[in-house]
Amino acid sequence: MYTFPYDSFDALHKSPFGAVRTGVQITFSISLSDSILPTRCELLLYKADEFDAPARYEMTINRAHVGYNRYGCTILPEPVGQLYFYCFEVTVGGERRQIRRVDSHYGDFDENGALWQLTVYDRDFHAPQLYSRGIIYQIFPDRFYNSGVPKDNVPKDRTLHQNWNDMPEYLPNQNGEITNSDYFGGDLRGIAEQLDYLQDLGVSLIYLNPIFEAHSNHRYNVADYFKVDPLLGTNEDFQLLCRQARARGIGIVLDGVFSHTGSDSVYFNKAGRYGEGGAYRDPKSPYRDWYKFTEYPQKYHSWWGFETLPEIIEENEDYLEFICGEHGVIRYWMSLGAQGFRLDVADELPDVILDRLRQAVKAANPEGILIGEVWEDASNKISYSQRRHYLLGSQLDSVMNYPFMNAILRYVRYGDSNTLYHGILTILENYPAPAVQMLFSSLSTHDTPRAITQLAGEEYKGGDRSWQAQHYLLPPEMYRRGCSLLLIAYTILYFLPGNPCLYYGDEMGVCGWRDPFNRTTYPWNSGDEALRERFRLLGSLYRENAFLAEANFLPVSCTGEVFVFTRDAQSRALTVAVNRSDAPQDVSLVTEQGEQTVITGSYENGVLGPLSAVVIVE
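Just so it is clear, the model here is predicted, and its values are computed rather than measured. Chains are numbered independently. Their residues run from 1 in the order of the written sequence. Only residues with pLDDT of at least 70 get local features here, since the model is predicted, and only at 80 or more are side-chain atom pairs given and counted; chain-wide, interface and lining totals rely on the full set of residues. Calculation of side-chain values draws on the structure's entire complement of heavy atoms; hydrogens and water are dropped beforehand.

*Asks:* Explain the overall build of the chain here, please?
*Replies:* A tally of helices and strands in the chain yields 13 helices and 35 strands. Counting only C-alpha atoms and orienting by the principal axes, one finds that the chain spans roughly 80 × 60 × 45 Å. Per-residue burial over the chain gives 60% buried out of 618 residues. Counting 54 positive and 80 negative side-chain charges, the chain places the averaged centre of each group 1 Å from the other. Numbering of helices and strands runs from the N terminus; a helix is a DSSP stretch of H or I covering at least four residues, while a strand is a stretch of E covering at least two. To sort residues, take the accessible area from a 1.4 Å probe on protein chains only and compare it with the maximum for the residue type: under 20% means buried, over 50% means exposed, and anything in between is partly exposed. Here the positive residues are Lys and Arg and the negative ones are Asp and Glu; neither His nor the chain ends is included. We put the charge of a Lys on NZ, of an Arg on CZ, of an Asp on CG and of a Glu on CD.

Below, the structure written as structure tokens:
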């Protein structure tokens, strides 16, 4: 018996599930009560943003059941990557009625319902194989590890903390400015010294926040694209880090900031740090046409109104060549050993530079990585009134996976099972398989509060920096509960499709709300070693089960207390069961004969203890 006429998650209604490669046929079916005798059934297929003239495909009856009939058709979309939307139209007695989406995947007769999405991507699109399945570790370089190696040519206007365990400066200076000019001295040699530690966590890819010379501790205000910031070391240090990491099977991905530079840079040079050149000081500068001045030189377009971040005109051919050309920024750093780039604010970059960035990365290394910062569903994103096509095969390999982050954190803290279930399956439905394989899936980043704080801290209601500083550390009871919730959340994340991305220090219980409290130093001498051991166990389980790269995702149960899912591939299967509640839950798993690993809490005799997570491998 059917409940709804159509369910896009159900293989009986749509096969194959989700996005498809060009050249692949797709079968659609709808189920109609046998009291409905249509004279015509049709699939209406719209190209994205062309909603006045759909392609129509007749659906014929292909199976009769007691109480209902099934109508279907098989189509072959055009042989180019393209985003489509669709619905169904049934004609009965001369009246046309449409079946449209009434929630994330179910459909019913509802003229006001939404359309379903169909992503068709280039058949040659594939995930970079070397790092298409692995644990990613994100490092904010200034705060990870200080090798103690003396640095040359460090600007005099920087404040260097003498105590590694200090709180970063968070209050405005006497002029009311947040300068981000205090540093702790974490460096590239320090990261190299800790590669064994990262390897022990199961890490196969390191994502570094910006390392180019810049005059702030976050370094998103680039001053020189071709130089490592002097506090981080030298270009030779970076090359050495890449070489030593590669020897351990670990790649390095850099953060590329290509929508703006710093005003205090070789290219703009507003402060005069770099002599008399630069677009601001010299109207004949070779960089003058990179920027849009409205009243030279005082008024210019800047990123989100921050005058210290003048915007780049990314379509400028000289700039495109500078970044993407044969001797440009991308190929230079990849020649030193970088495996690829994560693109800052990718949804603010026009198609022309995204196309060229991909060409440059793949020219330097066909298996190079290009990941975009996109906070929403990247498959259907509209930015600046333009439909984007990041994931169809000609631009990004994948994106940072904020939809999973939001869904998991909401579930583990609040029991929001609806957001979790639909959030996961909607991304898996909309994203091409290669993009899913390369997802950077995080629970904390440099732009979000620490996961443990979001899960167990006081409700954050937009508190100012003073409030955040006062609520930085969790009280002992909150912290203990937070560790269990954190392990539950990361257990879900590690075994979902995509790649888990661990933000430095999460594995040691580092707390913190927003910048700069989410960017404190790694607690090498005071962290939670017991928690770290649980993360090492998670990493070991993840790495030992290589079949997960090709495994299907099957949700088994999703309630406000318990989430159970299976990943299976041919003869192998792995089941994850978590209980986010404070009460034991009966969870009878058919895989109980498999090898069980309790990540946190307990699982015995079909009962999952309070705040528990278990992984069972068949």
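Following the structure, the description resumes.
*Asks:* Help me understand the side chain of Ser441 in this model?
*Replies:* As for its placement among the helices and strands, Ser441 is situated in strand S26 (residues 440–442). The contact rule is simple, with two residues in contact once any of their heavy atoms fall within 4.5 Å. Excluding residues that lie within four positions of it along the chain, Ser441 makes contacts with Asn401, Phe404, Leu493, Asn499, Pro500 and Cys501.

*Asks:* Explanation requested: the sheet that holds strand S32 (residues 595–600) in the structure shown.
*Replies:* The strands making up a sheet are joined through hydrogen bonds of the backbone, oriented either antiparallel or parallel. Think of it this way: DSSP has to see at least two bridges between two strands before they count as a pair. Ordered in space as S28-S29-S30-S35-S32, the five strands form an open sheet in which the pairing is antiparallel. The sheet is open, and its two edges are formed by strand S28 (552–558) and S32, each paired on a single side. Across this sheet, the average inter-strand angle for adjacent strands is 15°, counted without regard to direction. Two elements, S28 and strand S29 (residues 562–569), share six bridges in a ladder whose sense is antiparallel. Within S29, the position partnered with Pro555 by the bridge is Phe565. Inter-axis angles, ranging from 0 to 180 degrees, are taken between N-to-C directions of lines fitted to C-alpha atoms, where helices are fitted over the stretch in contact.

*Asks:* Before we go on, may I ask you to explain empty space enclosed by the protein in this structure?
*Replies:* Unfilled space is identified by rolling a water-sized probe across the atoms. Cavities and pockets are defined on a 1 Å grid built over the protein atoms alone: a cavity is a set of grid points where a 1.4 Å probe fits but cannot escape, while a pocket is an open set with protein on both sides within 12 Å along at least five of seven lines, and lining residues are those with an atom within 4 Å of any such point. Grid points are joined across faces, edges and corners, and a volume is the space filled by probe spheres set on the points. Summed over all chains, the structure comprises one cavity of 30 Å³ or more. Each pocket or cavity is described by its volume, and for the largest cavity that value is around 30 Å³. Contributing to the lining of the largest cavity are Tyr131, Gly134, Ile136, Ser204, Leu205, Met438, Phe440 and Asn499. Following the grouping adopted for this structure description, the nonpolar residues are Ala, Val, Leu, Ile, Met, Phe, Trp, Tyr, Cys and Pro, the charged ones are Asp, Glu, Lys and Arg, and the polar ones are all others, Gly among them. Tallied by class, residues from the lining of the largest cavity come to five nonpolar, three polar and no charged.

*Asks:* For this particular structure, what's the right way to read the pattern of salt bridges?
*Replies:* Oppositely charged side chains may form a pair once their charged atoms are brought near each other. One side-chain nitrogen of Lys or Arg within 4 Å of one carboxyl oxygen of Asp or Glu is enough to make a salt bridge. Taken as a whole and assessed by the stated rule, the structure comprises 39 salt bridges. A salt bridge links Arg40 to Glu42; its shortest N-O distance comes to 2.9 Å. Take Glu42: its relative accessible area is 5%, and that puts it in the buried class. Where Arg219 meets Asp229, a salt bridge forms, and the shortest distance between an N and an O atom there is 3.1 Å. One end of the pair, Arg219, is in the loop between strand S16 (212–214) and strand S17 (222–228); the other, Asp229, is in the loop between S17 and helix H3 (235–246), with ten residues separating them in the sequence. Neither Arg219 nor Asp229 differs from the other in exposure class; each is buried. Linked through salt bridges whose partners overlap, the residues forming this network are Arg40, Glu42, Arg56, Glu58, Glu89 and Arg96.

*Asks:* Please explain the packing of helix H12 (residues 476–495) against helix H13 (residues 529–544) as it appears in this structure.
*Replies:* Two quantities define a packed helix pair, namely the angle between the axes and the distance from one axis to the other. Following both chains from N to C, one finds H12 and H13 inclined at 10°, their axes separated by 11 Å at the closest point. As the angle between them shows, H12 and H13 are arranged roughly parallel. In this structure, H12 contributes Tyr479, Cys483, Leu486, Leu487, Tyr490, Thr491, Tyr494 and Phe495 to the contact, and H13 contributes Leu531, Arg534, Phe535, Leu538, Gly539, Leu541 and Tyr542. For the contact of H12 with H13, the per-class residue count stands at twelve nonpolar, two polar and one charged. For this classification, under 35 degrees means roughly parallel, over 145 means roughly antiparallel, 65 to 115 means roughly perpendicular, and everything else is oblique.

*Asks:* Looking at this model, I keep getting lost on the layout of surface pockets. Mind explaining?
*Replies:* Space inside the largest pocket adds up to approximately 1,400 Å³. Along its surface, the largest pocket is lined by 40 residues, and Asn180, His218, Trp303, Phe306 and Leu309 are the ones closest to its centre. Taken together, the residues of the lining of the largest pocket sort by class into eleven nonpolar, 13 polar and 16 charged. Here the second largest pocket is characterised by a volume of approximately 830 Å³. Taken together, 34 residues form the lining of the second largest pocket, with Leu428, Pro497, Ala551, Asn552 and Phe553 sitting closest to its centre. For the lining of the second largest pocket, the element with the highest residue contribution is S28, accounting for four residues. Considered class by class, the residues forming the lining of the second largest pocket number 22 nonpolar, seven polar and five charged.

*Asks:* It is not clear to me how the environment of Ile452 should be interpreted in this structure. Could you clarify?
*Replies:* Relative to the assigned elements, Ile452 resides in helix H10 (residues 451–456). Judged by its relative accessible area of 1%, Ile452 falls in the buried class. Distance in space between the C-alpha atoms of Ile452 and Asp506 is 7.7 Å, their sequence separation being 54 residues. Not counting the four nearest positions on each side in its chain, Ile452 is found in contact with Gly457, Leu474, Tyr479, Gly482, Cys483, Leu486, Gly509, Val510 and Cys511.

*Asks:* Just to check I follow, could you spell out the nonpolar core for this structure?
*Replies:* Within soluble globular proteins, side chains that are nonpolar tend to cluster in buried spots. Core analysis: the largest hydrophobic core is formed by 146 residues, its most contacted members being Tyr137, Phe238, Phe258, Leu357 and Phe495. The element contributing the most residues to this core is H12, with twelve residues. Within the second largest apolar cluster, 28 residues are counted, among which are Cys41, Leu43, Met59 and Trp116. Among buried residues, those of type Ala, Val, Leu, Ile, Met, Phe, Trp, Tyr and Cys that are joined through side-chain atoms within 4.5 Å constitute a nonpolar core.

*Asks:* How should I be thinking about the environment of Asp397 in this particular structure?
*Replies:* By secondary structure assignment, the location of Asp397 is in the loop between strand S24 (386–387) and strand S25 (398–399). Note on Asp397: relative accessible area 1%, which makes it buried. For the pair formed by Asp397 and Ala127, sequence separation is 270 residues and the distance between their alpha carbons is 6.6 Å. Residues in contact with Asp397, not counting those within four places in the same chain, are Phe125, His126, Pro128, Arg358, Lys362, Gly368, Ile369, Leu370, Pro434, Ala435 and Met438. Polar contacts, as used here, are pairs of N or O atoms within 3.5 Å; protein pairs need one atom able to donate a hydrogen and one able to accept it. Residues neighboring in sequence count only if both atoms are side-chain atoms. Here the side chain of Asp397 touches Lys362 through a polar contact of 3.0 Å, side chain to side chain.

*Asks:* Hey, could you run me through H13 in this one?
*Replies:* In an α-helix, one turn spans 3.6 residues; hence positions three or four apart end up facing the same way. Each helix should span, by expectation, one fewer than its residue count multiplied by 1.5 Å. The first and last C-alpha atoms of H13 sit 22 Å apart over 16 residues, in line with the 22 Å expected at 1.5 Å per residue. All of the buried residues along H13 are Leu531, Arg532, Phe535, Leu537, Leu538, Gly539, Leu541 and Tyr542. In this structure, the buried residues of H13 make contact with strand S12 (135–139), helix H2 (195–200), H12, strand S27 (499–503), S32 and strand S35 (612–617). The N-cap of H13, judged by a side-chain oxygen 3.2 Å from the amide nitrogen of Ala530 a few residues on, is Asp528.

*Asks:* Help me understand the pairing of strand S7 (residues 68–75) in this model?
*Replies:* Walk down a regular strand and you will see the side chains alternate between the two sheet faces. S7 sits mainly inside the fold: seven of its eight residues count as buried. Direction of pairing for strand S4 (residues 26–33) relative to S7: antiparallel, over a ladder of eight bridges. Bridge pairing links Thr27 to Thr74 in S7. In the sheet, strand S6 (residues 55–65) pairs with S7 via five bridges, with the strands oriented antiparallel. Considered in S7, the bridge of Ala64 is made with Asn69.

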